[in-house]
Amino acid sequence: DFLKVTQALGADEVDLAYDEWTAERVQVCQKAGLATMAWCKGPLEMSDNEAVYRAIAKTGVDVMCVNRPELLVSMLVPARRRRCLC
């Protein structure tokens, strides 16, 4: 059970590949007081696109670590409010 292992190690966050998260898994972690992060796989398996980002967001994770941050920003922030985050 990943939750028991996480708590036994004294961790305060669970980081999993984006395709391993479900809304239920996020809720279990958050109810246990753990932050959640979904990360996208590297360039060799890059599947980052708007549909993937929307699916990740629907799970309710606290943090998304993505390969195309400009795409995520364009989805979340209206064009008139965007500025360079570099």
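Note that the coordinates shown come from a computational prediction; the quantities given were computed from them, not determined experimentally.

Rules used throughout
Residues numbered from 1 in each chain as written. Predicted model: local features only at pLDDT ≥ 70, side-chain atom pairs only at ≥ 80, totals over all residues. Heavy atoms only, no water. Axes fitted to C-alpha atoms, helices over the stretch in contact; angles between N-to-C directions. Helix = DSSP H or I, 4+ residues; strand = E, 2+ residues; numbered from the N terminus. Parallel < 35°, antiparallel > 145°, perpendicular 65-115°, else oblique. Left-handed = near helix turned anticlockwise from the far one by under 90°. Contact = heavy atoms within 4.5 Å. Nonpolar A, V, L, I, M, F, W, Y, C, P; charged D, E, K, R; others polar. Pairing = 2+ DSSP bridges. Salt bridge = Lys/Arg side-chain N within 4 Å of Asp/Glu carboxyl O. Buried < 20%, exposed > 50% of the residue type's maximum accessible area, 1.4 Å probe, protein only.

J.: How should I be thinking about the packing of helix H3 (residues 50-59) against helix H4 (residues 69-76) in this particular structure?
T.: Two numbers describe a pair of packed helices, the interaxial angle and the distance between the axes. For the pair H3 and H4, interaxial distance at closest approach is 10 Å and the crossing angle is 65°. The pairing of H3 with H4 is recorded here as roughly perpendicular in orientation. For the pair H3 and H4, the crossing hand works out as right-handed. Facing H3, whose interface residues are Glu50, Tyr53 and Arg54, H4 presents Leu71, Leu72 and Met75. Among the residues forming the contact of H3 with H4, the class breakdown is 4 nonpolar, no polar and 2 charged.

J.: Is there a simple way to think about the pairing of strand E1 (residues 13-17) in this case?
T.: Every regular strand shows the same layout, with side chains that alternate between the two sheet faces. Both E1 and strand E2 (residues 35-39) contribute to a ladder of 5 bridges, which runs parallel. Bridge assignment links aspartate 15 to a residue of E2, and that residue is methionine 37.

J.: For this particular structure, what's the right way to read the pattern of salt bridges?
T.: Where side chains of opposite charge bring their charged atoms close, a pairing between them can arise. Enumeration over the complete set of coordinates arrives at 3 salt bridges. In this structure, arginine 54 and glutamate 50 form a salt bridge, with 2.7 Å as the shortest nitrogen-oxygen distance. Pair noted here: arginine 54 and glutamate 50 are both in helix H3, with a separation of 4 residues, about one helical turn. For arginine 54, a relative accessible area of 44% puts it in the partly exposed group. Notably, a salt bridge pairs glutamate 70 with arginine 68, separated by 3.8 Å at the nearest N-O pair.

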